[in-house]
Amino acid sequence: MVFSLNDGDKREIGQHFVFGFHGYDISENVKELIGKYHVGNIILMKRNVQSVKQVHSLVQSLQQCAKDAGHRQPLMIGIDQENGLVSAFSSTAKYQAGTQFPGAMAIAATGDAELAKNCSVASARELKAVGINWSYSPVGDVNSDPRNPVIGVRSFGNDPTKVAQYAKAVADGLTQGGVAPSAKHFPGHGDTNVDSHLNLPVIRKSRAELDQTELKPFRELIQDGVASIMTGHMAIQALTGDRETPASLSRAVTTTLLREKLTYEGVVVTDCLEMNAVKERQGGVPRGAVEALVAGADVVMICHTMAFHRGAMEATYEAIQRGELKMDELRRSGERVATFKRKFAGTWDDALGKPFDEEEMDALQVSNRKLSEDAYAGSTALISGSTPVFSLGKIVVMSPIVESLNAAVDDAEGVQRTEKGHVRNTAAPYYMSFAESVRRRTGDVEHLVYMANFDCRRDFGQGVIFITRNADRSAWQLDVLERVRTQAIGVPIVVLASCAPYELFSRRVSGVQACVASFEYTSEALEAAAKVIFNETAPTGESPVSP
């Protein structure tokens, strides 16, 4: 017997998806998703953000569209606002939007979980003021593999106890600010050197090992009542029984482990199914959507492509009609989504009855910038050596050519890249900002962008600030450093690790004047590092990861 779907069924199904779209204004595609397919949740990306006022206007348009289409509850409007490198709402060099706060590893370097909570409350208040009610944060992954290409400084560190402490602080802060947190990437994406945006990572750990490390932060977040959890695209044979099934599509993970054994009662959302770990499976994204719902996910995320949005909806209709996916189960899941919405999306009056208050936002951002500056000041760490007192004269700042970014750190639309993934600009804007910061202090700066074959036969002036970015994995940077050291005899060299600090634990940096870690290459983090390098502030941060 073929199950026939009525309008109420399709409206229910739409509540189980969160889709993204392109542009700064409401598009015809997203109108179709909300109106025809009754999609109840929308994710905003960096490509949708131009200013705080524009985002408020966009969210109002989305909510009005949903109300006009007969949605019973307002939309959940989500965003990747982990802070640090994954900050879709934060200002960039091109536009002013949300306040930039330290990311996970930087805030953990302060040693102050209360500060982490305060930053999350502040960030949530800005999000809430423009109508965003769901933040895909905190990262609960333990970065136990230093080679991890997708988590790294997005993690609070390699100690499960501290990761749990800071993840709970961030989740509590977001909740206090009126925004739903979403702890990710369950059951743990930290112990892999494969990026799930590109391929399917396989984590080869026993269940006992998972309990000790990966699951510990999530278990504590669940006990703390975290509102939602995001499942990740990694294969864990100890849980799924094979090395081909992503955790996000596994009933053994979503239902047996998360729901039954860990007794989680909140909303479960998948990571974006357009990542290759799912997209390249048989049936692609549409089939993945069905498998995720069958596994027990409440909400399936698909961020980018309209064809996949339509395909996933139609595939779900067909799965219900043939009995593979049970409508009764979906309705029980829908009760969780409705409860979630009542708490964080509120009523239509809440969603549409508050005009944008520019003066209030301006005042909020003034206080938030001060909080951010204080937080970054406490995050910079002196890993070894002592900062020099540079003599008067030229300071050389050396920054690496920008290789292909972590796929989770999405480019704004229009960024030009070479075939090898290098940004076409001669220097990344954040490193240019740092060079200007040095110029304000010394007056005479030469900014050099280096690559593997860089010619080091030159005058290095009165000092070198040698910036690295994950040089433990891009060892060519340390090759260049060694050549600089042989040429810059008697010249003080400071190595500034602008992302993960692992290269600073290497013998290859021994002999330089100082090794400083900023834990991220945001302009704010690099400004804080400049203050430390020039002895304006003391380095009080401590690395949350060890060799």
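Participant: Where do I start with the overall build of the protein in this structure?
Facilitator: Along the protein, the regular secondary structure elements total 19 helices and 18 strands. Its C-alpha radius of gyration of 24 Å places the protein within 12% of the 24 Å reference for a compact globule of 547 residues. Projected onto its principal axes, the C-alpha positions of the protein cover 85 × 55 × 45 Å. For the protein, the proportion of its 547 residues judged to be buried stands at 60%. Charge separation in the protein, taken as the distance between the mean sites of 58 positive and 66 negative side-chain charges, equals 2 Å.

Participant: Sorry, what's going on with the sheet that holds strand β16 (residues 463-468) here?
Facilitator: Each strand in a sheet pairs with another by means of backbone hydrogen bonds, the pair being arranged parallel or else antiparallel. The six strands lie next to each other as β13-β18-β17-β16-β14-β15, forming an open sheet whose pairing is mixed. The sheet terminates laterally at β13 (381-385) and β15 (445-450), the two strands that pair on one side only. Going from strand to strand, the sheet's axes swing by 20° on average, the running direction of each strand aside. In the sheet, strand β14 (residues 395-400) pairs with β15 via six bridges, with the strands oriented parallel. In the strand pairing of β15, isoleucine 395 is matched with valine 445.

Participant: So what exactly am I meant to see when it comes to unusual backbone geometry here?
Facilitator: Peptide bonds are, in most cases, trans, and in most cases residues other than glycine have a negative phi. Here the bond from serine 137 into proline 138 is cis, since omega is 10°, no more than 30 degrees from zero. Mapped onto the fold, proline 138 is located in the loop between β6 (134-135) and α6 (160-176). For the bond from lysine 184 to histidine 185, the omega torsion is 0°, close enough to zero to count as cis. With respect to the element layout, histidine 185 can be found in strand β7 (residues 180-186). Unlike most non-glycine residues, threonine 263 shows phi in positive territory, near 55°. Tracing the backbone through its elements, the reader meets threonine 263 in the loop between α10 (251-261) and β11 (267-270). For asparagine 535, which is not glycine, the phi dihedral falls at a positive 60°. As for its position among the elements, asparagine 535 is in the segment after α19 (523-533).

Participant: Looking at this model, I keep getting lost on the environment of valine 366. Mind explaining?
Facilitator: In this fold, valine 366 is placed in helix α16 (residues 358-377). A relative accessible area of 51% means that valine 366 is categorised as exposed. Sequence separation of valine 366 and glutamate 524 is 158 residues, and the distance between their C-alpha atoms is 15 Å.

Participant: Help me understand helix α18 (residues 476-487), please; the structure alone is not making it clear to me.
Facilitator: The α-helix winds at 3.6 residues per turn, so residues separated by three or four positions along the chain end up facing the same way. With 12 residues, α18 ought to run about 16 Å at 1.5 Å a step, and its terminal C-alpha atoms sit 17 Å apart, in line with that. All of the buried residues along α18 are Trp476, Gln477, Leu478, Val480, Leu481 and Val484. Contact partners of the buried residues in α18: β14, β15, β16 and β17 (493-497).

Participant: What's the story with the packing of α6 against helix α8 (residues 215-223) in this structure? I'm lost.
Facilitator: For any two helices packed against each other, one specifies the crossing angle of their axes together with the interaxial distance. Look at α6 against α8: their axes get within 8 Å of each other, and the N-to-C directions meet at 35°. In the packing of α6 onto α8, the handedness of the crossing is right-handed. Note on element contacts: α8 touches α6 through Lys216, Pro217, Glu220 and Leu221, opposite Pro160, Thr161, Val163, Ala164, Ala167, Lys168 and Ala171. For the contact of α6 with α8, the per-class residue count stands at seven nonpolar, one polar and three charged.

Participant: Just to check I follow, could you spell out the pairing of strand β9 (residues 228-231) for this structure?
Facilitator: Consecutive side chains along a regular strand alternate between the two faces of the sheet. The alternating pattern of β9 places Ser228 and Met230 on one face and Ile229 and Thr231 on the opposite face, and all of these are buried. As judged from the four bridges shared by β9 and β11, these two strands associate in the parallel manner. Across the sheet, residue isoleucine 229 finds its bridge partner in β11, namely valine 268.

Participant: Teacher, can you tell me more about the sheet that holds β6 here?
Facilitator: The strand order across the open sheet built from eight strands is β11-β9-β7-β6-β3-β2-β1-β12, with neighbouring strands paired in parallel fashion. Each edge of the open sheet is held by one strand with a lone partner, namely β11 and β12 (300-302). Two elements, strand β3 (residues 76-79) and β6, share two bridges in a ladder whose sense is parallel. Looking at β6, one finds that glycine 78 is bridged to tryptophan 134. Each of β1 (17-19) and β12 touches helix α13 (residues 306-321); the most contacted strand, β1, lies at about 170° to it.

Participant: In this structure, what is going on with the nonpolar core? I would like to understand it.
Facilitator: Most often, soluble globular proteins keep nonpolar side chains buried together rather than apart. Residues Ile42, Leu44 and Leu62 are the most contacted members of the largest nonpolar core, which totals 97 residues. Core analysis: the next-biggest nonpolar cluster, separate from the first, contains 59 residues, Val480, Ala488, Ala530 and Phe534 among them.

Definitions and limits used
- Residues numbered from 1 in each chain as written.
- Predicted model: local features only at pLDDT ≥ 70, side-chain atom pairs only at ≥ 80, totals over all residues.
- Heavy atoms only, no water.
- Helix = DSSP H or I, 4+ residues; strand = E, 2+ residues; numbered from the N terminus.
- Rg over C-alpha atoms; globule rule 2.2 N^0.38 Å.
- Buried < 20%, exposed > 50% of the residue type's maximum accessible area, 1.4 Å probe, protein only.
- Lys, Arg positive; Asp, Glu negative; His and termini not counted.
- Charge placed at Lys NZ, Arg CZ, Asp CG, Glu CD.
- Pairing = 2+ DSSP bridges.
- Axes fitted to C-alpha atoms, helices over the stretch in contact; angles between N-to-C directions.
- Expected span 1.5 Å × (residues − 1).
- Contact = heavy atoms within 4.5 Å.
- Left-handed = near helix turned anticlockwise from the far one by under 90°.
- Nonpolar A, V, L, I, M, F, W, Y, C, P; charged D, E, K, R; others polar.
- Core = buried A, V, L, I, M, F, W, Y, C linked by side-chain atoms within 4.5 Å.

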